Amino acid sequence: MTTLFDQVVDRTQTNSLKWDRYQDQDILPMWVADMDFRSPPEIIAALHERIEHGIFGYTHASDALVQRVVDRLQNLYDWRIEPDWLVWLPGTVCGLNIAVRAVAAEGETVAVPVPVYYPFLLAPPQGGRRMISANWRQGENSWQLDLDELEGRITSDTRLFMLCNPQNPNGRVLTRQELQAIEAFCRRHDLVVCSDEIHCDLILDREREHIPYASLSDFSSERSITLMAPSKTFNIAGLACAFAVIPDPELRKQFNKTKAGIVPSADGMITGYTAAEAAYTHGEPWRLALLDYLRGNHDYLLQTINDMPGLSMQPLEATYLAWINVAELGLKDPKGFFEQHGVGLSPGAQFGDPDYLRLNFGCPRSQLEQALERMRAALTKHI
């Protein structure tokens, strides 16, 4: 049965970062994390209505939007928050950078799990902070975060643990037991956690649930900065709107002080606020339909990749971003190799592991099939 997600939308001639990378080349862009689906119609309608008003002055988050966020975190994740814990941001990446500078002084140390979404790796050095890594290890059935190794690397001036959950790029959804182990580690070393949970609405594995780190205990609540946004879920990354949840008033004060004058003010996010409110008010049926479609894409991708010589991937628990092992191919430039054969992927080195490539399967099935056919043809010629 054809669904709205099967519709192919021409994104050329729209100044798309994703599609313009390979402008005038026969290369399918399967890299950056935005999907090739139209956003929910309720979001589009709300934006039309707001644009028709015709005045675009300074703005703020409506009381309705704030309440939608409070209710959503309670209903979906059993996390009770207060409205004044919210700090609105134009994006989560600036939130990562603010957290680094608000918690760790210049020259102090930040712990970062690797591989990880690349802005995590850039934030500490960009802020003049040092970085130590906690490595993800590939187990028999899933990826595991090696806290024992981090225990040997921790320093007396480590101040912040940067968490990505659900994890980008390996797709893990941390269990309560795993989160409690991180919490215990942070208790021992008196660390604040900055938890990027932007993919929390995109759980593919029906046996998994997203548990906000800050919801574990009073300690995790008081020593945490949680970053979230509607952008990945509802495909509105180009409409600036994200938020931090910071329960502790002193930490929230320091976060706001650090961002002042550096990060664009949230009073310029008219379209972002409008889209977020429509998404959180009307978007749940669309999100559930999206999840069903992504699960189908994931299962097709998983089987196809693992049938290809030299490639392998583990099942993803969340996100629409596949983490594909290409080490057996022995290529010096695996990204360039597949580009030469018409598929544009994200290089694993960007995330901290050159043996992998990341593939975005948030697209119509026909596009995914075409990309995988090109990859198979490329491997046939190579091997």
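Residues numbered from 1 in each chain as written. Predicted model: local features only at pLDDT ≥ 70, side-chain atom pairs only at ≥ 80, totals over all residues. Heavy atoms only, no water.

With respect to the overall build of the protein chain
A tally of helices and strands in the protein chain yields 14 helices and 13 strands. For 383 residues, the compact-globule estimate of 2.2 N^0.38 gives 21 Å, and the protein chain sits close to it at 21 Å. Projected onto the principal axes, the alpha-carbon positions of the protein chain cover approximately 60 × 60 × 35 Å. Classification of the 383 residues of the protein chain by burial places 58% in the buried group. Sequence-distant contacts in the protein chain: of pairs separated by 6 or more residues, those separated by 24 or more amount to 74%. Surface accessibility of the protein chain: about 16800 Å² in total, with carbon and sulfur atoms responsible for 47%. (Helix = DSSP H or I, 4+ residues; strand = E, 2+ residues; numbered from the N terminus. Rg over C-alpha atoms; globule rule 2.2 N^0.38 Å. Buried < 20%, exposed > 50% of the residue type's maximum accessible area, 1.4 Å probe, protein only. Contact = heavy atoms within 4.5 Å. Areas by Shrake-Rupley, 256 points an atom, 1.4 Å probe, with all protein chains shown as cover.)

Structural notes on the sheet that holds strand S10 (residues 321–325)
Taking strand neighbours across the sheet as the criterion, the 3 strands line up as S10-S13-S12 in an open arrangement whose pairing is antiparallel. Strands with a single pairing partner mark the edges of an open sheet, and in this sheet they are S10 and strand S12 (346–347). Pairing geometry for S12 and strand S13 (residues 356–360), over 2 bridges, is antiparallel. Looking at S13, one finds that Pro-347 is bridged to Leu-357. (Pairing = 2+ DSSP bridges.)

Observations concerning the pattern of salt bridges
Under the defined criterion, the tally for this structure stands at 22 salt bridges. As a salt-bridge pair, Glu-108 and Arg-159 come within 3.1 Å of each other at their nearest N and O atoms. On the criterion of sequence distance, the pair formed by Glu-108 in the loop between helix H4 (92–103) and strand S3 (109–114) and Arg-159 in strand S6 (residues 158–164) is long-range, its members being 51 residues apart. Look at Glu-108 and you get buried, because its relative accessible area is 18%. Residue Arg-223 is joined to Asp-190 by a salt bridge in which the shortest nitrogen-to-oxygen separation is 2.9 Å. Residue Arg-223 is located in the loop between helix H8 (218–222) and strand S8 (224–228), and its partner Asp-190 is located in the loop between helix H7 (176–189) and strand S7 (192–196); the two are separated by 33 residues in the primary sequence. The exposure class assigned to Arg-223 is partly exposed, which follows from its relative accessible area of 25%. The partly exposed category is assigned to Asp-190, whose relative accessible area is 49%. Several salt bridges share partner residues, and in doing so they unite Arg-11, Lys-18, Asp-34 and Asp-36 into one network. (Salt bridge = Lys/Arg side-chain N within 4 Å of Asp/Glu carboxyl O.)

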